[in-house]
Amino acid sequence: MIGLGKVILFDGECNFCDGSVQFMIPRDPRRVFSFASLQSEEGQALLKKYDVPRGVDSMILIDEDQEEFHMRSGAALRIARELTRPWNLAYPLIIIPYPIRDSVYNLIARNRLNWFGKREACRMPTPEERERFLDW
């Protein structure tokens with residue numbers, strides 16, 4: 001797994017999370033990000049490698065180049081920074097103290113399955129998209 005760059009780990013059973021990945025792909029034309037579900041072997045290996053706290057089910061950004069990970073609003077804003085305009089303009093919100101940012105993130109995260117549902121499987125990626133998924 002050396003040299004993966006930036007990997008987004010997401011809940012593969014959550015409609016909102018899957019929808020977020022589908023939203024990001026076309027807005028990441030530089031192909032900065034790869035993806036893996038939290039439930040996959042690859043996702044579990046990255047969680048272990050970076051010593052991510054057990055039970056975390058938020059979107060996680062693994063930055064292999066910097067050898068660090070980000071969770072919750074910190075991950076979301078760092079992801080937004082790499083996307084096309086206008087989404088990258090959200091990054092300056094990083095100056096808001098993380099307890100405030102994360103309280104909004106946590107509200108959405110707690111309710112995402114109720115609001116957006118759960119699925120047994122994610123949408124099948126196109127052949128071009130498949131190479132961006134570590135667990136495909």
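Preceding this paragraph is the structure being described.
So, here's what we can say about the structure. (Residues numbered from 1 in each chain as written. Predicted model: local features only at pLDDT ≥ 70, side-chain atom pairs only at ≥ 80, totals over all residues. Heavy atoms only, no water.)

### Some words on the overall build of the protein
Piece 1. Each helix and strand counted, the protein has 5 helices and 4 strands in total.
Piece 2. Listed N to C, the secondary structure of the protein is β-α-β-α-β-β-α-α-α in terms of helices and strands.
Piece 3. Per-residue burial over the protein gives 43% buried out of 136 residues.
Piece 4. Intrachain contacts of the protein at a sequence separation of at least 6 include 65% that bridge at least 24 residues. (Helix = DSSP H or I, 4+ residues; strand = E, 2+ residues; numbered from the N terminus. Buried < 20%, exposed > 50% of the residue type's maximum accessible area, 1.4 Å probe, protein only. Contact = heavy atoms within 4.5 Å.)

### With respect to the nonpolar core
Piece 1. Within the largest apolar cluster, 16 residues are counted, with the highest numbers of intra-cluster contacts made by I8, M24, F33, F35 and I79.
Piece 2. Every element with two or more residues in this core is listed here: β1 (6-10), α1 (15-24), β2 (33-37), α3 (72-82) and α4 (98-116).
Piece 3. The element best represented in this core is α1, accounting for 3 residues.
Piece 4. With residues near it in sequence (within four places) discarded, M24 still touches I8, F35, M59, I79 and L83.
Piece 5. The next biggest cluster of nonpolar side chains, apart from the first, holds 12 residues, and it includes V7, A36, L46 and V56. (Core = buried A, V, L, I, M, F, W, Y, C linked by side-chain atoms within 4.5 Å.)

### Some words on the environment of S103
Piece 1. On the secondary structure map, S103 appears in helix α4.
Piece 2. Distance from S103 to R72, taken between C-alpha atoms, is 9.5 Å for residues 31 residues apart in sequence.
Piece 3. In terms of polar contacts, S103 uses its side chain to reach the backbone carbonyl oxygen of I100, at 2.7 Å. (Polar contact = N/O pair within 3.5 Å; in protein donor to acceptor, adjacent residues only side chain to side chain.)

### Here's the deal with a nonpolar patch on the surface
Piece 1. Taken together, the side chains of F16, V104, L107, I108 and W115 make up a nonpolar region of the molecular surface, amounting to roughly 460 Å² of accessible area.
Piece 2. In terms of residue count, the dominant contributor to the nonpolar patch is α4 (4 residues).
Piece 3. Mapping F16 onto the fold places it in helix α1. (Patch = residues over 30% accessible without salt bridge, like charges linked within 9 Å, V, L, I, M, F, W, Y side chains within 5 Å. Areas by Shrake-Rupley, 256 points an atom, 1.4 Å probe, with all protein chains shown as cover. Salt bridge = Lys/Arg side-chain N within 4 Å of Asp/Glu carboxyl O.)

### Structural notes on the sheet that holds β1
Piece 1. Taken together, 4 strands build an open sheet; the order of strands is β2-β1-β3-β4 and the sheet is mixed. In this open sheet, the two edge strands, each paired with only one partner strand, are β2 and β4 (68-71). Shown here is a sheet whose adjacent strand axes are inclined to one another by a mean of 25°, direction ignored.
Piece 2. In terms of strand pairing, β1 meets β2 through 5 bridges, oriented parallel. Following the sheet pairing, I8 is matched in β2 by F35.
Piece 3. The strands touched by α3 within the sheet are β1, β2, β3 (60-63) and β4, with β4 carrying the most contacts at an inclination of about 105°. (Pairing = 2+ DSSP bridges. Axes fitted to C-alpha atoms, helices over the stretch in contact; angles between N-to-C directions.)

### Some thoughts on the pattern of salt bridges
Piece 1. Across all of its chains, the model carries 5 salt bridges by this definition.
Piece 2. Here K6 ties to E82 by a salt bridge, and the two come within 3.1 Å at their closest N and O atoms. A residue pair is termed long-range when its members are at least 10 positions apart, and K6 in strand β1 and E82 in helix α3 qualify at 76 residues.
Piece 3. We classify E82 as buried; its relative accessible area is 16%.
Piece 4. In this structure, E131 engages R31 in a salt bridge whose closest nitrogen and oxygen atoms are separated by 2.5 Å. Of the two residues, E131 is situated in the segment after α5 (127-130) and R31 in the loop between α1 and β2; the sequence distance between them amounts to 100 residues.
Piece 5. Its relative accessible area of 61% is what places E131 among the exposed residues.
Piece 6. A residue is classified by how much of its surface remains accessible, and R31, at 39% relative accessible area, is partly exposed.
Piece 7. Because the salt bridges share partners, they merge into one network encompassing K6, R30 and E82.

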